[in-house]
Amino acid sequence: MTTTATASAHSTTAALAVEDVTVRFSGLTALDGVSFTVEPGSVHAVIGPNGAGKSTCFNVLSGVYRATSGHVRLGDTELTGLAPHTIAGLGVARTFQNLALPPHATVADSLLLGRHRLTRSGFVATGLRLPSAAREERRHRERVREIAAFIGLAAELERPAGSLPYGQQKLVELGRALCMEPKVLLLDEPIAGMTAVERRRTAAVVADVRDSLGISIVLVEHDMGVVMRLADAVTVLDFGRRIAGGTPAEVQNDPAVVQAYLGAPQ
C-alpha cells in the first residue's frame, strides 16, 4: 500500500465531543445522556450488544437523527441539529453498513462522487467545458488516483465498482469517503461480511488512514479482535447508556462490559 494520499492530507486539530446526548423516539429512549470525546487523529470505537444504541449514535453524529438534548461539537463548531450535507461540508464523512455504490459506475467515477462537495465550477462552466472546469476536473481525477493507490485499488479504477469482490467494494466506499477530505471519518461496520484476508487488508487501510493522514475515526464494529487491535479508545454502550470507556485493555476487563456481552453476573 502506498501513502501518496498524504500529499494533500491535512492534520486534524479538532476533537469531536459528544456531550450528554439523549435521543428519544416516541417514548423510547435510544440514547440516554451519552458523552465521549474522540481525540484528534485517533481511532475511537463505539461498541455494545445489538440494540445498544450504536447506530443511533452514528446517525446523530452524521445529522441523520437530531438529538433530543445534548451537544455534538467538532472543535468550536456546533454540529447538533445541522443537516447531513452541512455536517459533511464541515468535514465529517461516513460509510454505511450496506453497500451504496452506483452499480454500473467505474471505481474512478464512484470515488469522484466524494469530490462533489469540493467542486467549485458551476453547472454552466462544466456543461460548456470551460478551461477552468476542465482544469478542476483534472485535479479531482488526480486526487482520485492518489486515494485509489492509497487504498490499494489503483489497478481497478476503470472496472465497474459493482463487479469487484465484496471486500474491495467496501474499500471503494471507504475511498469515496476519503475523497471528501474529511477531518472525521465515521466507519459503520467496515469489515462486516468480509473474508479473513479482506478483514486484515481493510483493518490495515483503516490504521493507515489514522497514521498517514491524521484523520480521526469513529468505528462501530462487531469484530472485537479488530477493535482491540485498531482502537486507541473505546466507548461501550448498553441499552442506550454509556457503561464503560477507556483503552481497549481497560474496557475488555471491565465487569460491566463482561456482563453486557455475556450476561454474566458482575
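Small disclaimer: the values here were computed from a predicted structure and weren't measured.

Parameters and conventions
Residues numbered from 1 in each chain as written. Predicted model: local features only at pLDDT ≥ 70, side-chain atom pairs only at ≥ 80, totals over all residues. Heavy atoms only, no water. Helix = DSSP H or I, 4+ residues; strand = E, 2+ residues; numbered from the N terminus. Buried < 20%, exposed > 50% of the residue type's maximum accessible area, 1.4 Å probe, protein only. Contact = heavy atoms within 4.5 Å. Areas by Shrake-Rupley, 256 points an atom, 1.4 Å probe, with all protein chains shown as cover. Pairing = 2+ DSSP bridges. Axes fitted to C-alpha atoms, helices over the stretch in contact; angles between N-to-C directions. Phe/Tyr/Trp six-rings, centres within 6.5 Å; stacked < 30°, edge-to-face > 60°. Salt bridge = Lys/Arg side-chain N within 4 Å of Asp/Glu carboxyl O. Parallel < 35°, antiparallel > 145°, perpendicular 65-115°, else oblique. Left-handed = near helix turned anticlockwise from the far one by under 90°.

Trainee: Teacher, can you tell me more about the overall build of the protein chain here?
Mentor: Within the protein chain, the secondary structure is distributed over ten helices and ten strands. A burial count over the protein chain gives 50% of its 266 residues as buried. Here the contacts in the protein chain between residues at least 6 apart in sequence split such that 70% fall between residues at least 24 apart. Here the protein chain displays about 12200 Å² of accessible surface, and carbon together with sulfur accounts for 54% of that area.

Trainee: Please explain the sheet that holds strand β10 (residues 241-246) as it appears in this structure.
Mentor: Within a sheet, each strand pairs with its neighbour through backbone hydrogen bonds, oriented either parallel or antiparallel. Strand order in the open sheet made by the six strands is β6-β7-β8-β3-β9-β10, with mixed pairing throughout. Sheet topology places β6 (92-94) and β10 at the edges, where each strand pairs with a single neighbour. Taking each pair of neighbouring strands and ignoring which way they run, the sheet shows an average axis angle of 20°. The pairing of strand β3 (residues 43-47) with strand β9 (residues 233-238) spans four bridges and is classified as parallel. Across the sheet, residue Ile-47 finds its bridge partner in β9, namely Val-236.

Trainee: For this particular structure, what's the right way to read the packing of aromatic side chains?
Mentor: Centre-to-centre distance and the angle between the planes together describe a pair of aromatic rings. Counting across every chain of the model gives one aromatic pair. Between Phe-25 and Tyr-65, the aromatic rings sit 5.1 Å apart at their centres with planes inclined by 75°, giving edge-to-face as the arrangement. Placement of the pair is Phe-25 in strand β1 (residues 16-25) and Tyr-65 in the loop between α1 (54-61) and β4 (69-74), with a sequence separation of 40 residues. Phe-25 sits in the partly exposed class, given a relative accessible area of 32%.

Trainee: I tried to follow the sheet that holds β4 on my own but got confused; where do I start?
Mentor: Taken together, four strands build an open sheet; the order of strands is β2-β1-β4-β5 and the sheet is antiparallel. Pairing within the sheet leaves two strands with one partner each, and these edge strands are β2 (28-38) and β5 (77-78). Each of β1, β2 and β4 is contacted by α1, which is oriented at about 115° to β1, the strand it contacts most.

Trainee: Can you walk me through the pattern of salt bridges in this structure?
Mentor: For the coordinates displayed, the defined rule picks out 14 salt bridges. A salt bridge links Asp-32 to Arg-241, with the shortest nitrogen-to-oxygen separation between them at 3.1 Å. Taken together, the residues span a long stretch of sequence, with Asp-32 in strand β2 and Arg-241 in strand β10 at a distance of 209 residues. You can call Arg-241 partly exposed: its relative accessible area is 48%.

Trainee: What should I look at first to understand α1 in this one?
Mentor: Since the α-helix advances by 3.6 residues per turn, residues separated by three or four positions end up pointing in the same direction. For α1, a buried count of seven out of eight residues is recorded, marking the element as mostly surrounded by other parts of the structure. Where α1 is concerned, the buried positions are Lys-54, Thr-56, Cys-57, Phe-58, Asn-59, Val-60 and Leu-61. Of the residues one or two after α1, Gly-63 is the one with positive phi, at around 90°.

Trainee: It is not clear to me how the pairing of β4 should be interpreted in this structure. Could you clarify?
Mentor: When a strand is regular, its side chains alternate between the sheet's two faces. Here five bridges tie β1 to β4, and the two strands are oriented antiparallel to one another. Bridging across to β4, Thr-22 finds its partner in Ser-69. Bridge count for β4 against β5 is two bridges, and the pairing is antiparallel. Following the sheet pairing, Arg-73 is matched in β5 by Glu-78. Linkage of β4 to β5, two consecutive antiparallel strands, is achieved through a turn of two residues, within which Gly-75 is found at a positive phi near 60°.

Trainee: Just to check I follow, could you spell out the packing of helix α6 (residues 166-178) against helix α7 (residues 196-213) for this structure?
Mentor: The geometry of a pair of packed helices is captured by two quantities: the angle between their axes and the separation between those axes. Look at α6 against α7: their axes get within 10 Å of each other, and the N-to-C directions meet at 15°. Classified by the angle between their axes, α6 and α7 sit roughly parallel to one another. In this structure, the crossing between α6 and α7 has a hand that is right-handed. Within the contact between the two elements, α6 uses Tyr-166, Gly-167, Gln-168, Leu-171, Leu-174 and Leu-178 and α7 uses Glu-198, Arg-201, Thr-202, Val-205, Val-206, Val-209 and Leu-213.

Trainee: Would you take a moment to explain the environment of Val-234 for this structure?
Mentor: For Val-234, the location among the structural elements is in strand β9. Accessibility expressed as a relative area gives 1% for Val-234, which makes it buried. It is 8.6 Å that separates the C-alpha atoms of Val-234 and Val-43, two residues lying 191 residues apart in sequence. With sequence-adjacent residues up to four places away left out, Val-234 is seen in contact with His-44, Ala-45, Ile-47, Val-227, Ala-244, Gly-245, Gly-246, Pro-248 and Val-251.

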